[in-house]
Amino acid sequence: MTNRIYADHAATTPLMPEALEAMLPFLKENFGNPSSQHGWAKPVKRAVADARTTIAECINAAPEEIFFTSGGTEADNWVVKGSDGRLMVSAYEHHAILNAAKSEAARGRDIVYVRPKVGSGGGYVMPEKLSKSWKDGIGLVSVMTANNEIGTINPIHLLSEFAHKRGALFHTDAVQAVGHIPIDVREMGVDFLSASAHKFNGPKGIGFLYIRKGQKLRSLLDGGQQENGFRAGTENVAAIVGMATALKNNCTRMDEISAHLEELTLHLRMGIERFYDNPVFLGAGIGSQLPGFTSVSFPGHPAEGLMHMLDLKGIAVSTGAACDSRNTRVSHVLKAINATNDIAHSTIRITLGAENTIAEVNTIVSTLKQLLRGLGTITR
Ligand code: PLP
């Protein structure tokens, strides 16, 4: 199985060896509980504090503004369910936001949905969109930093400024962005920001929520006094340490990794364009999308089938259209940007990572060409 190609980094990323190394002592000899009063607590308490400082430095926050969670889903739920007032969310958020908002609606809270810009060059949420749908009493606006299906990056500083001018707080789900593009919570002007370690080569089941100093959220989990009394539960020390190590390494190498991914992405797209007449690349061009991100549609070819055929050839990608068991439902993201049914059903997401190579991209292109030719549609 050594020649399998993993090109689904938006789903999850491989654990960085340095992160694993850093975690091991906390899965073995340093197993103490950070809340204990005796000596076993000391090294683990220090490790958690150091990890908090490292993470804060990576996003220009203060350590006391970082709250560890079980991942992006918990961080998103915490913000949505712990805040007050009307809630404004974009229609193409991850389900961690949309389904949390749905639960809030079921409890009687008013939710205002905003659509991203549609059409060519679409896939972004601009302040005018918030303005058009604005209502009195909106307490929180939540718009993701980068979309997980099409990779578009939103102008968060403009959106947070708009929300603040109207007296609302601002949250961004930065799960796809943290560790991949520069994140500075002060420049972005956000009150809350969610992140998840497994998207940036850290372990699964750990993430964090940035809460700007002075802002308050109701707790989701009641219990002990961990996380300054705001998030109860014994800390997942090894995972916290692994997350901080992965984030620091990725941030240190960000320029180098981004340049590598842009080269791979350009190579991939040019390779596809050389054999296929009219591929549709969703989201805008390279530069305003996440590095390594390609969401491409081969009209007339259901993505589900293509994804499984690629899987049989050892290449892992995902579909843009999250179908139900009867294969009839179109992804809410593609619907939100007004993609036609044909485009939506034929979109695959190829997300490359730091460890991918030009040779692997060549294999992805030649395999796609072979499969699409087999389906009878290659024109060149
Ligand atoms: N938000 C976005 C944009 C995501 O892409 C994901 C994961 O796919 C999540 C939230 C959920 O994060 P986690 O898997 O850590 O719960």
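The rules we used
Residues numbered from 1 in each chain as written. Predicted model: local features only at pLDDT ≥ 70, side-chain atom pairs only at ≥ 80, totals over all residues. Heavy atoms only, no water. Helix = DSSP H or I, 4+ residues; strand = E, 2+ residues; numbered from the N terminus. Buried < 20%, exposed > 50% of the residue type's maximum accessible area, 1.4 Å probe, protein only. Domains from an automatic or database assignment. Buried area = accessible area lost by both parts, 1.4 Å probe. Salt bridge = Lys/Arg side-chain N within 4 Å of Asp/Glu carboxyl O. Polar contact = N/O pair within 3.5 Å; in protein donor to acceptor, adjacent residues only side chain to side chain. Core = buried A, V, L, I, M, F, W, Y, C linked by side-chain atoms within 4.5 Å. Contact = heavy atoms within 4.5 Å.

**Concerning unusual backbone geometry**
In the Ramachandran plot, Asn201 falls in the positive-phi region, its phi being about 70 degrees despite a non-glycine side chain. By the element assignment, Asn201 lies in the loop between strand E7 (192-196) and strand E8 (207-211). Classification of Asn201 by relative accessible area gives buried; the value is 14%. Residues other than glycine seldom take positive phi values, yet Asn338 does so here, at roughly 70 degrees.

**Things to note about the domain arrangement of the protein chain**
One can read the domain layout of the protein chain as domain 1 (5-14 + 254-374) and domain 2 (17-252). The distance between the C-alpha centroids of domain 1 and domain 2 comes to 27 Å. With both chains or domains summed, domain 1 and domain 2 bury close to 2400 Å², and 53% of this area falls on carbon and sulfur atoms. By the criterion of area lost to domain 2, the three top residues of domain 1 are Met254, Leu290 and His332, representing 29% of everything that side buries. The interface formed by domain 1 and domain 2 contains zero salt bridges. At the junction of domain 1 with domain 2, the criterion picks out 20 residue pairs in polar contact (both at pLDDT 80 or more). If you list the elements that add at least two residues to the side of domain 1 that touches domain 2, you get helix H9 (254-275), strand E10 (293-297) and helix H11 (332-336).

**Comments concerning the nonpolar core**
Counting residues in each nonpolar core, the largest one holds 70 residues, and the members touching the most others are Leu130, Val141, Leu193 and Phe208. Both domains that meet at this core, namely domain 1 (5-14 + 254-374) and domain 2 (17-252), each give it at least three residues. Apart from residues lying up to four places away in sequence, Leu193 is in contact with His171, Thr172, Ala174, Val178, Ile183, Val185, Met188, Phe208, Leu209 and Tyr210. With 26 residues, the next largest nonpolar core counts Leu264, Leu310, Val361 and Leu368 among its residues.

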